[in-house]
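# Chain and residue survey
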Amino acid sequence: MRAMLLAAAVAGLAGCATSRVPLMRLADARGEIRAAEQLQADRYPTASSYLDLARKEEDHGRRLLNLGQQRRAGYVLERAQADAELARALATEAPAREEAQRTLDRVQKLQSQNPEVSP
Amino acid sequence: MKRLTLAALAAAMGLLLACLAPVPPELIDARLTYDRARSSQTADLAPDELARAQRALRRAESEYQRAPWSQNARDLAYVARRRVQIAESRARLELVKRNELKAEQQLSASQAQTASELSQARAQLQAQEGARLKQEEERKRLQAEQADRARQEEAARIDRERQSQQERLASAQRQLDEQQRQLQARQQELEQARRERADAEAAQREALQQLERFAQVQEEQRGTVITLPGGLLFAPGRSDLSPDAQRALEKVAQALKKLPEQRLVVEGHTDAKGAEDVNYDLSVLRANAVKDFLTSRGVERNRVESIGFGESRPIASNTSAEGRASNRRVEIVVQRGVGGSGTQ
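Description of the structure in this document. (Residues numbered from 1 in each chain as written. Chains lettered and ligands numbered in written order. Predicted model: local features only at pLDDT ≥ 70, side-chain atom pairs only at ≥ 80, totals over all residues. Heavy atoms only, no water.)

### Comments concerning the overall build of chain A
Across its full length, chain A carries 3 helices and 0 strands. Along its sequence from the N terminus, chain A presents helices and strands in the succession α-α-α. Each of the 119 residues in chain A was classed as buried or not, and the buried ones make up 38%. Of the contacts formed within chain A by residues at least 6 apart in sequence, a portion of 64% connects residues at least 24 apart. If you sum the accessible surface of chain A, you get close to 7,100 Å²; carbon and sulfur atoms cover 57% of it. (Helix = DSSP H or I, 4+ residues; strand = E, 2+ residues; numbered from the N terminus. Buried < 20%, exposed > 50% of the residue type's maximum accessible area, 1.4 Å probe, protein only. Contact = heavy atoms within 4.5 Å. Areas by Shrake-Rupley, 256 points an atom, 1.4 Å probe, with all protein chains shown as cover.)

And the structure:
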């Protein structure tokens, strides 16, 4: 009898752990999407397309969770998180690239104004 | 035994299905993408992200090995490919940052070099300005020295000119003093001469006044004419002086000695009685006799001249006795002027 009760408790804990992972995936995806949005990833076309994918995948994951397909929702939300992270990376890269280009332009302009300055 | 056989059969079937299952395109893309990133700069620039992608790819590979037909393996491959893309993005970002840092360093170096060159240019400009100011000061100093020299030379020239003027003035003053002295001496001489002349004139007047007692004295153009009647001096037809004549001529001689500067002309005149040549000779002899007497009494011979006119210059008619008496005469002409002008 005691052995049966312990097995039931382990099975319950395992079920809870299994049900918590997709929720954590959802939170991670949601956080990454928010981070990408704060970096204004929508302003950059490539980043915007990945951000859209992430949003759609997040919605898909939510629907799967509502349907009780926990495991499948976890993978979909993991895709959403990856797309959101890529959108955030691209949104970080683009302005840095623009700023670097401005710096290079300043250097080239200074060099053209003063050709004797060595690069 | 039968259960083991079924298990072995199931395992073999599974292995067969795994070998027959096609590799999903997501996994192929993930592999290719990962291989490309690993052989690029991503391995150096974003190693942590690339390691995370590698773990994701292994997870996808494992899932594919476990369940080749499952959608989960495709999702994990999809995630692995995104991880590789994220790693590549991080690598590009790192490269951009490095390039930007390098550009900023170049910019800083350029700005520093520009600032240095600007500083050097300013220093050079300042040095040039300093040199220009120094040159300007030197030019002004030379101009001032030149002006000083010019002023000194002008002052020296003025001093020399003033000294020369003073010397000329002193010389002129000396000449003036000399001229004044000479003038004064001349005035004294003239005064002395005037006094002497006055004295002489006074003496002459006195002498003539004395002569007027026994002779006729009158002023004519040719000078002072002293007329001695012939009857007083000579006997008729003779030319020697009587004692009365000598006494009278003595007084005349004394008077004439008081006129030492004037020439004397002794003129002998006769009346028209008798031969003319005889009268002429007689007039000459008588004039010479008077001259000789006067010189014997101290009158200088070189200022006495004698001349006979005979009957040629009568002063009255020869038809009457009184007229002839007047024509017989001796005239002593005291000529005007010092030394006489020499009229005869």
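### A word on the interface of chain A and chain B
Interface size is often expressed as the accessible area that is lost when the parts come together. Residue-level contacts link 35 residues of chain A with 29 residues of chain B. Taken together, the two surfaces of chain A and chain B that pack against each other cover about 2,800 Å², and 54% of this comes from carbon and sulfur. Three residues stand out in chain A for area buried against chain B, namely Tyr75(A), Arg79(A) and Glu93(A), and they jointly supply 19% of the buried area on that side. Close ionic contact of Asp83(A) with Arg82(B) constitutes a salt bridge, the shortest N to O distance being 2.4 Å. Run the count over chain A and chain B and you get 13 residue pairs in polar contact (both at pLDDT 80 or more). (Buried area = accessible area lost by both parts, 1.4 Å probe. Salt bridge = Lys/Arg side-chain N within 4 Å of Asp/Glu carboxyl O. Polar contact = N/O pair within 3.5 Å; in protein donor to acceptor, adjacent residues only side chain to side chain.)

### Some details on the nonpolar core
Residue and element names in this part refer to chain B. Counting 29 residues, the largest nonpolar core has Ile-226, Leu-256, Leu-294 and Ile-332 as the members making the most contacts within it. Contributing elements (two or more residues each) for this core: α5 (71-211), β2 (223-229), α7 (243-257), β3 (264-269), α8 (276-296) and β5 (329-334). At 6 residues, α7 tops the list of elements feeding residues into this core. Ignoring sequence-local partners within four residues, the contact set of Leu-294 consists of Leu-249, Val-252, Ala-253, Leu-256, Val-266, Val-299 and Ile-332. Counting 17 residues, the second largest nonpolar core, distinct from the first, contains Ala-37, Leu-57, Ala-60 and Ala-77. (Core = buried A, V, L, I, M, F, W, Y, C linked by side-chain atoms within 4.5 Å.)

### A closer look at the packing of α7(B) against α8(B)
All names here are of chain B. At a minimum axis separation of 9 Å, α7 and α8 run at an interaxial angle of 60°. In terms of orientation, α7 and α8 fall into the oblique class. Two packed elements cross with a definite hand, and for α7 against α8 that hand is right-handed. Contact with α7, carried on its side by Gln-246, Leu-249, Glu-250, Val-252, Ala-253 and Leu-256, involves Val-290, Phe-293 and Leu-294 of α8 and no other residues of that element. (Axes fitted to C-alpha atoms, helices over the stretch in contact; angles between N-to-C directions. Parallel < 35°, antiparallel > 145°, perpendicular 65-115°, else oblique. Left-handed = near helix turned anticlockwise from the far one by under 90°.)

### Quick notes on a nonpolar patch on the surface
All names here are of chain B. Among the surface-exposed residues, Val-23, Ile-28 and Leu-32 lie close enough to one another that they form a single nonpolar patch of about 240 Å² accessible area. Along the chain, the position of Ile-28 falls in helix α2 (residues 25-38). Look at Ile-28 and you get partly exposed, because its relative accessible area is 36%. (Patch = residues over 30% accessible without salt bridge, like charges linked within 9 Å, V, L, I, M, F, W, Y side chains within 5 Å.)

### Focus on the packing of aromatic side chains
All told, the structure shown has 0 aromatic pairs over all chains when counted by the stated rule. One Lys or Arg, Arg79(A), reaches over the ring of Tyr78(B) and ends 3.6 Å from the middle of that ring. (Phe/Tyr/Trp six-rings, centres within 6.5 Å; stacked < 30°, edge-to-face > 60°. Lys NZ or Arg CZ within 6 Å of the ring centre and 35° of its normal.)

### Some words on the sheet that holds strand β4 (residues 304-310) of chain B
All names here are of chain B. Pairing is mixed across the open sheet formed by 5 strands, whose spatial order is β1-β2-β5-β3-β4. The open sheet has two edge strands, β1 (216-220) and β4, and neither has a second partner. Pairs of neighbouring strands in the sheet enclose a mean axial angle of 20°, with direction left out of account. By the bridge criterion, 6 bridges tie β3 to β4 in an arrangement that is parallel. (Pairing = 2+ DSSP bridges.)

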